[in-house]
Amino acid sequence: MGTLTDLFTPDRVAVVGATPREGSIGRAITENLLADFDGETVPVNPNYDAVLGEPCVPEVADADADLAVVVVPPTIVLDAVEACGEAGVRNVVVITAGFGETGGEGAARESRLAELADEYDLNVVGPNSLGVMSTPSGMNATFGPENALPGGLSFMSQSGAFITAVLDWANDQGIGFKDVVSLGNKAVLDETDFVEHWGDDEETDVIIGYLEGIEDGRAFIDAAREATADTPIVLVKSGRTSAGAQAASSHTGTLAGSEKAYEAGLDQAGVLRAESTEELFDAAGILGSQPLPETDRVAVITNAGGPGVMATDAVGDAELEMASFSAETTERLREAMPEEANVHNPVDVIGDADLDRFREAIEIVLDDENVGAALVLSAPTAVLSFEDLAESLAEIQADAAVPVAACLMGGDRTREPKRRLQEVGVPCYFDPARAVRSLDALVRYRKISEREYAEPTTYDVDRERALSVLQRVRERDDNRLGVEAMDLLDAYGIPTPDGEIVDSPEDAETVAEGISGDAVMKIVSPDILHKSDIGGVEVGVSARDAADTYETLITRARNYQPDATILGVQVQEMVDLEDGVETIVGMNRDPQFGPLLMFGLGGIFVEVMEDTTFRVAPVSDHEARTMTEEVQSAPLLRGARGREPVDVDGVVETIGRLSQLVTDFPAIVELDVNPLVALPAADADGDAAGSASADAAEGESIDSGAGGAAKPAGGDRGVAAVDVRLTVDPAELPDND
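Residues numbered from 1 in each chain as written. Predicted model: local features only at pLDDT ≥ 70, side-chain atom pairs only at ≥ 80, totals over all residues. Heavy atoms only, no water.

Undergrad: Tell me about the sheet that holds strand β1 (residues 12-16), residues and numbers included.
TA: Through backbone hydrogen bonds, the strands of a sheet pair up, either in parallel or in antiparallel fashion. Here we have five strands laid out as an open sheet, ordered β2-β1-β5-β6-β7, and parallel in their pairing. Of all strands in the sheet, those with a lone pairing partner are β2 (40-44) and β7 (123-125), marking the two edges. Neighbour to neighbour, the strand axes of the sheet diverge by 20° on average, direction disregarded. Contacts from helix α2 (residues 25-36) reach β1, β2 and β5 (67-70) within the one sheet, and its direction differs from that of β1 by about 165°. (Pairing = 2+ DSSP bridges. Helix = DSSP H or I, 4+ residues; strand = E, 2+ residues; numbered from the N terminus. Axes fitted to C-alpha atoms, helices over the stretch in contact; angles between N-to-C directions. Contact = heavy atoms within 4.5 Å.)

In structure tokens:
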């Protein structure tokens, strides 16, 4: 597909299916184009010589058009689109419904539409679209009831009805747009294409949108990251998918539903997510009209003490802080204000303040270099005119170096002052919390625009060995692997305790003899997940007791579930939990965003506390480290209440290696490393003693036992992946050549 510039700047638009019939969509689109479009509108319909006074051509090939808007019955849409391709019309908007949203026949039609677009290199919007608009040329190629006002917002929506409602409201509010597109079914062009286009468009100040889903999460993240370096993106994301909602076999799967993927993905993309239409346009309005603050510090100037406190509370709920004035500012305010006034932030000029006092306070505060943004908040009084205050504020903000928002708390008397402020780009609200939220959007976007994105970290790994482990599912009745897949972690350099899975008492004793100190022994069966419930775990097993313990574990498993597949018994080096911290690293594959990594507190706490954080893989070293810092239990890793700090670097590297693993192998659907034991940082140099392990098949902590290990599990890093559990899709596995 080529550039989208021609989609929004055509000289000639062909309406394929134009008709003079009252109430028809073909007529509505033709009327809208004829009303405002600077270019030429060409009706295409073999049944008419003219439509609405415009000469009508029988074929799109006769239109010599740059853009074709197709509004014919679904059964002939494909013929019309192919005719566009043959005629060299590279930009096509398919208004017609009756495609993937209607079932099998429609889905097949939509698939063929995508094939035609690829064959003829077409930019196709839709199908099932309201159409497109571009205000610089007055183009309204939609069947909506009115055109958009000109402005700097470019707007995409997966709902055509949402566009018509928003435009009706925006026209009333005086809010303007550059481009508007109804995405429809997104058979060809999707949200990523428009983010890429508008990110390069100098006339687009802010990209906004309403989405119900994202087609390719990773591509969207990459495109949005590039766009948001200069152009803010604000989205309302609604709807839920079933991803992650199934009865997942891993902790990660049950915690990482689709909403978690969108939260993580949109945050990584640098998108500001709005929860409502009001919040969407509040953020977009201030981002398009006010400068970015250099600091997070906000000043409030008000004539009403109560609303000032409300604004202060809202600042505390945002990524903002109340500014501390310099001594000079405080002294200037003290000299200018009456004794009853509050000269500290929030500044209260008190209710009898006239315009001069209010204005002087604003000017003094805006002169303070500690102030990054300001909120001017006023309640109505008999001694202050909102019109005069708005005019003064318009004059002041013209020379202000910091963003300014206003809050006029009143009814009809605020209408004209609000309009005046909007003319000069000062957003005005009734609710102080809305005003603060908008200032917060500026701060959040400033931090986004300053981000530096590192390339995902890569490591030397043994992919062939990892593939051979994953291919074991082809020999099984189900697609789950447990501790028998510990070699998978070894292949990707993730430290694991010494040990093996054995299938005889003699081998159990031999392996135990090779372990320094006592061992932990666990039954290995894909059919028995809750091992400790059946006595399937024994801790502190000496080499001389290993053979008998093997027999005991096998017997317990057979008695509990006679038909269970028993792969053997794991004999494993014990890991010190006394001074370590149990964490979990996992992955659930989301259908839109792909591999969604999880990190959090492990063991039983992952289910109880759900103290977890998520990122879409692959991740950089910085992103992995940030994951370890933003969980509530992060102080445990740093050494809370006198405990030794753990090897956070080892945890970060493990997250990175797991990220590479699940990116390299799309066949991995879900994966848990639980617990990943983080040992004290000193242990990474070889000073650890092992005294406990865990039944990681269900994340259960095991009390400390006798015995010890001469080195930390996992060699020279103070982390140990005690257990692993994963689900594999065999159909996604490559052949092992």
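There's plenty left to go through after this.
Undergrad: Could you give an account of the environment of Ala-382, with specific residues and numbers?
TA: Structurally, the position occupied by Ala-382 is in the loop between β18 (373-378) and α14 (386-398). Judged by its relative accessible area of 87%, Ala-382 is exposed. When the C-alpha positions of Ala-382 and Val-722 are compared, they lie 72 Å apart, and in sequence the two are 340 residues distant. (Buried < 20%, exposed > 50% of the residue type's maximum accessible area, 1.4 Å probe, protein only.)

Undergrad: Before we move on, could you go through the confidence of the model for the protein chain and cite the residues and values that matter?
TA: Chain-level statistics for the protein chain give a pLDDT mean of 90 and a share of 91% at 70 or above. Note on residues 240-257: pLDDT under 50 across the span, and 49 contacts to partners over four residues away in sequence or across chains. The low-confidence segment residues 683-715 (pLDDT under 50) makes 109 contacts with residues lying over four places distant or belonging to another chain. (pLDDT = per-residue confidence, 0-100.)

Undergrad: Which residues make up a negative patch on the surface, and what values do they have?
TA: Negative charge collects at one region of the surface, where Glu-500, Asp-503, Glu-506, Asp-507, Glu-509, Glu-513, Asp-545, Asp-548 and Glu-551 lie side by side. Secondary-structure elements contributing two or more residues to the negative patch are α19 (505-513) and α20 (546-560). When residues in the negative patch are grouped by element, the largest group, four residues, is from α19. Note on placement: Glu-506 falls in helix α19. (Patch = residues over 30% accessible without salt bridge, like charges linked within 9 Å, V, L, I, M, F, W, Y side chains within 5 Å. Areas by Shrake-Rupley, 256 points an atom, 1.4 Å probe, with all protein chains shown as cover. Salt bridge = Lys/Arg side-chain N within 4 Å of Asp/Glu carboxyl O. Lys, Arg positive; Asp, Glu negative; His and termini not counted. Charge placed at Lys NZ, Arg CZ, Asp CG, Glu CD.)

Undergrad: A description of helix α4 (residues 104-120) should follow, citing residues and the corresponding values.
TA: Along an α-helix, residues three or four positions apart point the same way, because every turn accommodates 3.6 residues. With 17 residues, α4 should reach 24 Å at 1.5 Å per residue; the first-to-last C-alpha distance of 25 Å fits that figure. Among all positions in α4, only Gly-106, Arg-109, Glu-110, Leu-113, Leu-116, Ala-117 and Tyr-120 are buried. Relative to the axis of α4, the buried residues are bounded by an arc of 115° and lie together on one face. More than 90 degrees from the buried face of α4, the exposed residues found are Gly-104 and Asp-118. Residues of α4 that are buried sit in contact with α3 (77-87) and β7. Directly after α4, the chain includes Asp-121, whose backbone phi takes a positive value near 60°. (Expected span 1.5 Å × (residues − 1). Arc of directions from axis to C-beta.)

Undergrad: Just give me the short version of the layout of surface pockets, but keep the residues and values in it.
TA: Here the largest pocket is characterised by a volume of approximately 610 Å³. Taken together, 26 residues form the lining of the largest pocket, with Gly-174, Ile-175, Phe-281, Gly-285 and Gln-422 sitting closest to its centre. Taken together, the elements giving at least two residues each to the lining of the largest pocket come down to β10 (149-157), α5 (160-173), α10 (277-289), α15 (415-423) and β20 (428-429). A total of eight residues in the lining of the largest pocket trace back to one element, the largest contributor, which is α10. For the lining of the largest pocket, the residue count by class is eleven nonpolar, ten polar and five charged. Empty space within the second largest pocket amounts to approximately 450 Å³. For the lining of the second largest pocket, the secondary structure elements donating two or more residues are α2 and α3. The element contributing the most residues to the lining of the second largest pocket is α3, with four residues. (1 Å grid on protein atoms, 1.4 Å probe; cavity = no way out; pocket = protein on both sides within 12 Å on 5 of 7 lines; lining within 4 Å. Points joined across faces, edges and corners; volume = space filled by probe spheres on them. Nonpolar A, V, L, I, M, F, W, Y, C, P; charged D, E, K, R; others polar.)

Undergrad: Please provide a residue-by-residue account of unusual backbone geometry, values included.
TA: That bond from Gly-126 to Pro-127 is cis: its omega, 0°, falls within 30 degrees of zero. When you line up the elements, Pro-127 lands in the loop between β7 and β8 (131-134). Each neighbour pair has its own omega, and for Ala-617 with Pro-618 the value is 5°, a cis peptide bond. You can see Pro-618 is positioned in the loop between β28 (612-616) and α22 (621-630). Non-glycine residue Asn-128 carries a positive phi angle of around 60°. Structurally, Asn-128 is set in the loop between β7 and β8. In this structure Asn-128 comes out as partly exposed when scored by relative accessible area, which is 30%. A positive phi angle, near 55°, is found at Lys-186, a position not held by glycine. In this fold, Lys-186 is placed in the loop between β11 (176-182) and α6 (191-199).

Undergrad: Describe the environment of Arg-112, and please don't skip the residues or the numbers.
TA: Inspection of the secondary structure assignment puts Arg-112 in helix α4. Separated by 69 residues in sequence, Arg-112 and Val-181 have C-alpha atoms that sit 22 Å apart. The contacts of Arg-112, once residues within four sequence positions are left out, are Leu-78 and Glu-119.

Undergrad: Give a detailed account of the sheet that holds strand β23 (residues 519-524), specifying residues and quantitative values.
TA: Ordered in space as β22-β25-β23-β24, the four strands form an open sheet in which the pairing is antiparallel. Either end of the sheet is taken by a strand with one partner, and the two such strands are β22 (499-502) and β24 (537-541). If you compare each strand with its neighbour and ignore which way they point, the axes differ by 20° on average. Strand direction decides the pairing type here: β23 and strand β25 (residues 568-573), joined by six bridges, are antiparallel. Counterpart to Val-524 in the pairing with β25 is Gly-568. Along the sheet, α19 makes contact with β22, β23 and β25, crossing β22 at roughly 175°. The sheet strands contacting α20 are β22, β23, β24 and β25, and the helix crosses β23 at an angle near 30°.

Undergrad: Outline the pairing of strand β13 (residues 233-237), supporting the account with residue identities and numerical values.
TA: Counting buried positions along β13 gives five out of five residues, so the element sits mostly inside the fold. In this sheet, β13 lies alongside strand β12 (residues 206-211) in parallel orientation, the contact comprising five bridges. What sits directly across from Ile-207, in β13, is Ile-233. The parallel pair β12 and β13 is bridged by helix α7 (residues 217-227), and the resulting crossover is right-handed. (Right-handed = clockwise from strand over helix to strand, strands pointing away.)

Undergrad: Can you tell me about the packing of aromatic side chains, naming the residues and giving the values?
TA: A complete count under the given rule lists ten aromatic pairs for this structure. With 6.3 Å between their ring centres and 70° between their planes, Tyr-492 and Phe-665 make a pair best called edge-to-face. Here the residue Tyr-492 occupies a position in the loop between α18 (486-491) and β22, and Phe-665 occupies one in the loop between α24 (648-664) and β29 (668-678), the gap between them amounting to 173 residues. Here Phe-665 falls in the buried class, since its relative accessible area comes to 4%. Within the aromatic cluster, the residues linked to one another by ring pairs are Phe-155, Phe-162, Trp-169, Phe-177, Tyr-210 and Phe-281. Seen from the ring of Phe-99, Arg-109 lies directly overhead, with NZ or CZ sitting 5.7 Å from the centre. The ring of Phe-665 has Arg-463 sitting right over it, with the charged end atom 5.4 Å from the ring centre. (Phe/Tyr/Trp six-rings, centres within 6.5 Å; stacked < 30°, edge-to-face > 60°. Lys NZ or Arg CZ within 6 Å of the ring centre and 35° of its normal.)

Undergrad: Tell me about the packing of α7 against helix α9 (residues 258-269), and name the residues and values.
TA: Taken N-terminus to C-terminus, the directions of α7 and α9 make an angle of 30°; their axes are 8 Å apart at the nearest point. On the basis of the axis angle, α7 is roughly parallel to α9. When α7 is examined against α9, the residues Phe-220, Ile-221, Ala-224 and Arg-225 are found in contact with a partner set consisting of Gly-265, Leu-266, Gln-268 and Ala-269. Looking at the contact of α7 with α9 residue by residue, the class counts come to five nonpolar, two polar and one charged. (Parallel < 35°, antiparallel > 145°, perpendicular 65-115°, else oblique.)

Undergrad: Account for helix α16 (residues 432-449), naming residues and giving values.
TA: The end-to-end C-alpha distance of α16, which contains 18 residues, comes to 26 Å, matching closely the 26 Å that a straight helix rising 1.5 Å per residue would cover. The N-terminus of α16 is capped by Asp-431, whose side-chain oxygen sits 3.0 Å from the backbone nitrogen of Ala-433. (Polar contact = N/O pair within 3.5 Å; in protein donor to acceptor, adjacent residues only side chain to side chain.)

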